[in-house]
Amino acid sequence: MADESEATASNFSPADDAGTREAETLNNPAATPDEPLEDEEMPLADHIEEMVKRLAVVIAVAGLVTAVALPSAEHVINILWYNIIPLEQLGEQARPKLYHPLALVLTELKVASLAGVIVALPVFVYETYLFMRPGLYPHERRYYLAAVPTSLVLAVVGVSFAFFLVLPAVFQYFISYTEGVAIVAFGLSKTFNLILMLMGYLAVVFQIPLFIMLAIMMGLTTRRWLADRRLLFWGAFLGVSFLFTPDPTGMAPILVTLTMIGLFEGTLALLKWTGN
């Protein structure tokens, strides 16, 4: 019996143990190995090369969607313009003004580019997943893959939020503070710079709950750590909003900052309520 046990032990190699551990991990997603199954050392140059290739995929997808959306851009311009600008107060003054020959063409290109950005957001999440996949545990891979469609949904919600709430409030404010002093003339290029910037910015801003959930699920941070530093995040939100929102009156940056704080605090409150 002793000889048989020794023979069995001698035939059992570390490779067999690794194979068994991998099979158990794949069959049981809750199991966590000592290290990611496909983790391996790679030269820094290879990491950079792969990262550049994946960014190129994101840019290519954004460009392709922009080209596909370009023929419909003029129709989208009319929808945005006549639903955001308060026509009943301005009458003929609300008609878009063109101040250089290429204004309409460039605006159409910008509108089509917004569609490219929205579609490219989940592609970017997926490409970062593929980049990080060898170093992720099986349960982390599931979290990351679930974030791909969620990112698209949140981007659409962010654009809708800008369209229905933020932009009408901003333009109403513009008209109200100039009323009785001057007549506002809305140039197509300048006006759409603000419209598209806010829509694209809020599409990214609405990814905040996703980023927080993903970071916590992957063990990169905790709800308590984020809650203890909420004032730092609030200040960062305010600074970023004033940096990327082209509105010198401060109305749009303040609305965007309040939205970011609401998303941040709402996500933390949800995590606390669910006990996660």
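Bear in mind the structure is a predicted one, so any value in this text is a computation, not a measurement.

Criteria and cut-off values
- Residues numbered from 1 in each chain as written.
- Predicted model: local features only at pLDDT ≥ 70, side-chain atom pairs only at ≥ 80, totals over all residues.
- Heavy atoms only, no water.
- Salt bridge = Lys/Arg side-chain N within 4 Å of Asp/Glu carboxyl O.
- Helix = DSSP H or I, 4+ residues; strand = E, 2+ residues; numbered from the N terminus.
- Phe/Tyr/Trp six-rings, centres within 6.5 Å; stacked < 30°, edge-to-face > 60°.
- Axes fitted to C-alpha atoms, helices over the stretch in contact; angles between N-to-C directions.
- Parallel < 35°, antiparallel > 145°, perpendicular 65-115°, else oblique.
- Left-handed = near helix turned anticlockwise from the far one by under 90°.
- Contact = heavy atoms within 4.5 Å.
- Nonpolar A, V, L, I, M, F, W, Y, C, P; charged D, E, K, R; others polar.
- Core = buried A, V, L, I, M, F, W, Y, C linked by side-chain atoms within 4.5 Å.
- Buried < 20%, exposed > 50% of the residue type's maximum accessible area, 1.4 Å probe, protein only.
- Patch = residues over 30% accessible without salt bridge, like charges linked within 9 Å, V, L, I, M, F, W, Y side chains within 5 Å.
- Areas by Shrake-Rupley, 256 points an atom, 1.4 Å probe, with all protein chains shown as cover.

1. Overview of the pattern of salt bridges
And step 1. If you walk through the whole model with that rule in mind, you get five salt bridges.
And step 2. Arginine 54 serves as the salt-bridge partner of glutamate 50, at 3.2 Å between the closest nitrogen and oxygen. Here the residue glutamate 50 and the residue arginine 54 both occupy positions in helix H3 (residues 44-69), the gap between them amounting to four residues, near one helical turn.
And step 3. With its nearest N and O atoms 2.9 Å apart, the salt bridge here joins arginine 230 to glutamate 265. Of this pair, arginine 230 sits in helix H11 (residues 230-244) while glutamate 265 sits in helix H12 (residues 251-274), and the two are 35 residues apart along the sequence.
And step 4. Residues joined by salt bridges that share partners form a network here, namely Glu50, Arg54 and Glu127.

2. Structural notes on the packing of aromatic side chains
And step 1. Counting across every chain of the model gives 12 aromatic pairs.
And step 2. Judged by centre distance (5.9 Å) and plane angle (50 degrees), the rings of tyrosine 129 and tyrosine 144 are tilted. With tyrosine 129 in helix H6 (residues 103-132) and tyrosine 144 in helix H7 (residues 138-178), this pair connects stretches of sequence that are 15 residues apart.
And step 3. For the ring pair phenylalanine 163 and phenylalanine 164, a centre distance of 4.8 Å and an interplane angle of 85 degrees mean the geometry is edge-to-face.

3. Description of the packing of H7 against helix H8 (residues 188-205)
And step 1. The geometry of H7 relative to H8 is characterised by a closest axis approach of 8 Å and an angle of 140 degrees between their N-to-C directions. Between H7 and H8, the crossing angle belongs to the class labelled oblique. Here H7 and H8 pass one another in a crossing that is right-handed. From H7, Leu154, Ala155, Gly158, Val159, Phe161, Ala162, Phe163, Val166, Leu167, Val170, Phe171 and Phe174 reach across to H8, where they touch Thr191, Leu194, Ile195, Leu198, Met199, Leu202 and Ala203.
And step 2. For the contact of H7 with H8, the per-class residue count stands at 17 nonpolar, two polar and no charged.

4. Points about the packing of H6 against H8
Any two packed helices are characterised by the angle at which their axes cross and by the distance between the axes.
And step 1. For the pair H6 and H8, interaxial distance at closest approach is 10 Å and the crossing angle is 0 degrees. With respect to each other, H6 and H8 are oriented roughly parallel. For the pair formed by H6 and H8, the contact residues are Ala103, Leu104, Thr107, Lys110, Val111, Leu114 and Leu121 on the first element and Leu188, Ser189, Phe192, Asn193, Leu196, Met199, Gly200, Ala203 and Val204 on the second.
And step 2. Taken together, the residues of the contact of H6 with H8 break down into 11 nonpolar, four polar and one charged.

5. Comments concerning the nonpolar core
And step 1. Counting 58 residues, the largest nonpolar core has Ile84, Leu167, Phe171, Phe192, Ile195, Met199 and Val205 as its most contacted members.
And step 2. Elements supplying a minimum of two residues to this core: helix H4 (73-84), H6, H7, H8, helix H9 (208-217), helix H10 (223-228) and H12.

6. Looking at a nonpolar patch on the surface
And step 1. Nonpolar side chains collect at one region of the surface, where Leu44, Ile48, Met51, Val52, Leu55 and Phe124 lie side by side and expose about 560 Å² of accessible area between them.
And step 2. By residue number, the principal contributor to the nonpolar patch is H3, which donates five residues.
And step 3. Relative to the helices and strands, isoleucine 48 is located in helix H3.
And step 4. Relative accessible area serves as the criterion here: at 42%, isoleucine 48 is assigned to the partly exposed category.

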